[in-house]
Amino acid sequence: ANSTKNPSLQGWAFELEQIDLIRTSIDSNGGIVKYVTNGKGWSFHPTSQMEFNETNFTCEVVESATVIWCRKWNQGCFDMAFYMNTTLITVQFTVQKSHSLKPDYIRKLRKALLDKDVPVDKVVHIGVIEKNWEEFNFNPTTTGVGKQDGKKDPDFKIVVCHSPPLKLTSKQDVECDFAEP
């Protein structure tokens with residue numbers, strides 16, 4: 001992908017590489033427990049997985065450390081999500097220096113979890129950037145932002161942060177978890 005100098009192709013290659021890494025952590029061979037980490041203090045050990053197509057899930061039960069694969073192509077804002085200890089972590093993979101942030105898509109996933117009686121106490125949105133991650137910025141839209149249904153405060157707040165590429169590690173290398181960014 002890099003030899004083509006095509007930014008879209010480079011972005012897809014990076015996204016697929018990162019998604020494969022997460023899939024590998026679920027399919028750990030030989031009983032070796034693998035954690036997904038960014039090397040900066042965030043880690044996640046998936047114990048289950050499910051699919052989300054913007055309205056429905058593939059299973060009823062969400063375990064405490066679940067990977068949520070987003071099956072609607074180009075749904076906007078995030079490529080996949082983690083759910084851990086009542087925290088929803090949406091993840092956007094990119095090679096660009098900025099990316100849109102559309103809270104309405106995060107709101108739909110959060111609502112779908114709540115509709116299944118899965119508690120969501122905290123929402124974190126992470127931009128995982130291939131290079132120069134410290135320079136990355138989200139460009140928020142006003143879609144789905146602000147007060148809902150005449151309430152004084154928004155339904156929820158999104159903690160936004162960015163990260164270098166994810167990698168696999170063993171438990172002894174884990175400093176903290178995604179639920180505590």
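The structure presented is a predicted model; accordingly, all values stated were derived computationally and were not measured.

> Describe the overall build of the chain, with residues and values.
Per the secondary structure count, the chain includes 2 helices and 11 strands. Its helices and strands in sequence order give the chain the pattern α-β-β-β-β-β-β-β-α-β-β-β-β, from N to C terminus. The contacts of the chain with a sequence gap of at least 6 include a subset with a gap of at least 24, amounting to 65%.

> Any details on the nonpolar core? Residues and values, ideally.
Generally speaking, soluble globular proteins have nonpolar side chains that are buried together. One finds Phe57, Ile68, Leu88, Ile106, Leu109 and Leu113 to be the most contacted residues of the largest nonpolar core, which totals 23 residues. If you list the elements that add at least two residues to this core, you get β3 (48-52), β4 (65-70), β5 (80-84), α2 (103-115) and β8 (122-129). In terms of residue count, the dominant contributor to this core is α2 (4 residues). By size, the runner-up hydrophobic cluster in this structure holds 20 residues, among which are Ile22, Met80, Met84 and Ile126.

> Quick one: what's the story with the pattern of salt bridges, residue by residue and with numbers?
Under the criterion given, the structure shown has 2 salt bridges. Here arginine 23 makes a salt bridge to aspartate 20, at a shortest N to O gap of 2.6 Å. Of the two residues, arginine 23 and aspartate 20 both sit in helix α1 (residues 7-26), 3 residues apart, roughly one turn of that helix. Looking at arginine 23, the relative accessible area reads 37%, which means it is partly exposed.

> A description of the environment of histidine 45 should follow, citing residues and the corresponding values.
Here histidine 45 lies in the loop between β2 (43-44) and β3. For the pair histidine 45 and valine 67, spaced 22 residues apart in sequence, the C-alpha separation works out to 9.3 Å.

> Pulling in residues and values, what's your account of the sheet that holds strand β10 (residues 158-163)?
The strand order β3-β4-β5-β6-β8-β10 describes an open sheet built from 6 strands, whose pairing is mixed. At either end of the open sheet lies a strand with only one pairing partner, and these are β3 and β10. Averaged over neighbouring strand pairs, the angle between their axes works out to 25° when direction is ignored. Of the strand pairs in this sheet, β3 and β4 are connected by 5 bridges, and their pairing is parallel. Looking across to β4, one finds that glutamate 51 is bridged to tryptophan 69. Contacting β3, β4, β5, β6 (87-94), β8 and β10, α2 crosses the sheet at an angle of about 145° to β6.

Scoring rules and cut-offs
- Residues numbered from 1 in each chain as written.
- Predicted model: local features only at pLDDT ≥ 70, side-chain atom pairs only at ≥ 80, totals over all residues.
- Heavy atoms only, no water.
- Helix = DSSP H or I, 4+ residues; strand = E, 2+ residues; numbered from the N terminus.
- Contact = heavy atoms within 4.5 Å.
- Core = buried A, V, L, I, M, F, W, Y, C linked by side-chain atoms within 4.5 Å.
- Buried < 20%, exposed > 50% of the residue type's maximum accessible area, 1.4 Å probe, protein only.
- Salt bridge = Lys/Arg side-chain N within 4 Å of Asp/Glu carboxyl O.
- Pairing = 2+ DSSP bridges.
- Axes fitted to C-alpha atoms, helices over the stretch in contact; angles between N-to-C directions.

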